[in-house]
Amino acid sequence: MIIDDEPLAVKLLESFVARTPQLQLVGSFTDSVEAIAALRQQHVDLVFLDIQMPDLDGMELAHMLPAKTMIIFTTAFKEYAFDSYEVSAVDFLLKPIRYNKFLAAVEKCKKRREPPLQAPKGLSTLFIRVDGELRQLQQDDILYVEGMKDYVMFYLQSQQRPLITHLTMKAVEDMLPADRFMRVHRSFIVALDKIRSIDRNDCIYIGQQIIHVTEAYREAFQQYVTQRISSSSATS
């Protein structure tokens, strides 16, 4: 879907979509209020969204979109680039938009939709893409995973520098077994058997990092700790 209050900008993006085989246009709007009504009636994978618009600007509209809808902002004002990270936009295109920049942004969306390569159930390894190559990781080697915007960093016992790959934290959660790894923060997943200690403020000490368990994940983490304490008491 294209949402931009400038008709000429809409026409340009429509021509770009028509030239791009993996895209199918479901609608174009110059009125953001009409656009949000249409978005509530049908699923849209990707929205090309202008930021400066009357009535409802692009940033406000972005907060109203479903979490799975990807956003590419299109604007003439580069000062909005930083704000685009607030809603996890896939990319930020500065007007006048060139087709090569448009196509590169679409490729980013395509990569985000690709399912991560992983081993079959029961195996203790997984694959991630690092610098254009596939790396196989041993689950036992993972200390924790940290998310940063559209990327995640795998911190391992076997090396000092993290491995960086283009994934979402949700994708990493799906890759890792829930009985061995737990998300304890919007930006952190920890290997439960690598936790050294937990202080009274719900801070986890793991590797060289101190990770605070945030409110959204505290109940599940405390249930895990309670179960571990109970099972330890039963065997002693």
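Quick note: structure is the one above.
An account of the accompanying structure is given in this report. (Residues numbered from 1 in each chain as written. Predicted model: local features only at pLDDT ≥ 70, side-chain atom pairs only at ≥ 80, totals over all residues. Heavy atoms only, no water.)

## A few points about the overall build of the protein chain
Heads up, the rule is: The helix and strand labels rest on DSSP assignments: H or I over at least four residues marks a helix, E over at least two residues marks a strand, and numbering proceeds from the N terminus. Only protein chains enter the accessibility calculation, which uses a 1.4 Å probe. A residue is then buried if its area is under 20% of the maximum for its type, exposed if over 50%, and partly exposed in between. Any two residues whose heavy atoms approach within 4.5 Å are treated as being in contact. In short, Shrake-Rupley with a 1.4 Å probe defines the accessible areas, and a residue's cover is counted only from the protein chains shown.
If you tally the helices and strands in the protein chain, you get 7 helices and 15 strands. When the 236 residues of the protein chain are sorted by exposure, 42% land in the buried category. A separation threshold of at least 6 residues defines the contact pool for the protein chain, and within that pool the share at least 24 residues apart is 45%. As presented, the protein chain carries roughly 14,100 Å² of accessible surface, and 51% of it is formed by carbon and sulfur atoms.

## A short note on the sheet that holds strand S2 (residues 28-29)
We count it as follows: Note on pairing: DSSP must find at least two bridges between two strands before they are called paired. Axis lines are fitted through C-alpha atoms, for helices just across the contact stretch, and the angle between N-to-C directions can take any value from 0 to 180 degrees.
Reading across the sheet, the 5 strands line up as S2-S1-S3-S4-S5 and stay open at both edges, with parallel pairing between neighbours. Either end of the sheet is taken by a strand with one partner, and the two such strands are S2 and strand S5 (91-94). Across 2 bridges, strand S1 (residues 2-3) lies against strand S3 (residues 46-50) in parallel orientation. Bridge pairing in S3 links isoleucine 2 to phenylalanine 48. Packing against the sheet, helix H5 (residues 99-113) makes contact with S3, strand S4 (70-75) and S5, and its axis sits at approximately 165 degrees to S4.

## Digging into the sheet that holds strand S14 (residues 203-206)
Here we have 3 strands laid out as an open sheet, ordered S13-S14-S15, and antiparallel in their pairing. Each having just a single partner strand, strand S13 (197-198) and strand S15 (209-212) make up the two edges of the open sheet. Pairing of S13 with S14 involves 2 bridges; the strand directions are antiparallel. Bridge pairing in S14 places serine 197 opposite tyrosine 205.

## Side note on the packing of aromatic side chains
Stated precisely, the cut-off is as follows: Paired rings are identified among Phe, Tyr and Trp, the last through its six-membered ring, by centres lying within 6.5 Å, and are further divided according to the angle between planes into stacked (under 30 degrees), edge-to-face (over 60) and tilted (the rest).
Taken as a whole, this structure holds 7 aromatic pairs when the rule is applied. Where phenylalanine 16 meets phenylalanine 102, the ring centres are 5.2 Å apart and the plane angle is 55 degrees; that geometry is what we call tilted. Here phenylalanine 102 lies in helix H5 and phenylalanine 16 lies in helix H1 (residues 7-18), a separation of 86 residues in the sequence. Each member of the pair phenylalanine 16 and phenylalanine 102 is classed as buried.

## Quick word on H1
For clarity, the cut-off: The length a helix should cover is 1.5 Å for every residue beyond the first. When we speak of the arc, we mean the arc of directions from the helix axis to the C-beta atoms.
Along its 12 residues, H1 runs 16 Å from first to last C-alpha, staying within 8% of the 16 Å computed at 1.5 Å per residue. For H1, the set of buried residues is Ala9, Val10, Leu13, Phe16 and Val17. The arc that holds the buried residues of H1, viewed along the axis, is 120 degrees, so those residues lie on one side. With respect to the buried face of H1, the exposed residues turned more than 90 degrees away are Pro7, Leu8, Lys11 and Ala18. Close packing links the buried residues of H1 with S1, S2, S3, S4 and H5.

## Structural notes on the side chain of serine 32
Tracing the chain through its elements places serine 32 in helix H2 (residues 32-39). With near-sequence residues (within four places) excluded, serine 32 lies in contact with Ile3, Met53, Pro54, Leu56 and Leu61.

## Examining the pairing of strand S9 (residues 151-156)
Residues in a regular strand project their side chains so that they alternate between the two faces of the sheet. Counting buried positions along S9 yields 5 of 6 residues, so the element is predominantly enclosed. Where strand S8 (residues 142-148) and S9 come together, 6 bridges link them in antiparallel fashion. Residue pairing in the sheet places glutamate 146 in a bridge with methionine 153 of S9. In this antiparallel pair of consecutive strands, S8 and S9, the connection spans 2 residues, and lysine 149 shows a positive phi of 55 degrees. Of the strand pairs in this sheet, S9 and strand S10 (residues 163-165) are connected by 3 bridges, and their pairing is antiparallel. Note on S10: the bridge partner recorded for phenylalanine 154 is leucine 163. In this antiparallel pair of consecutive strands, S9 and S10, the connection spans 6 residues.

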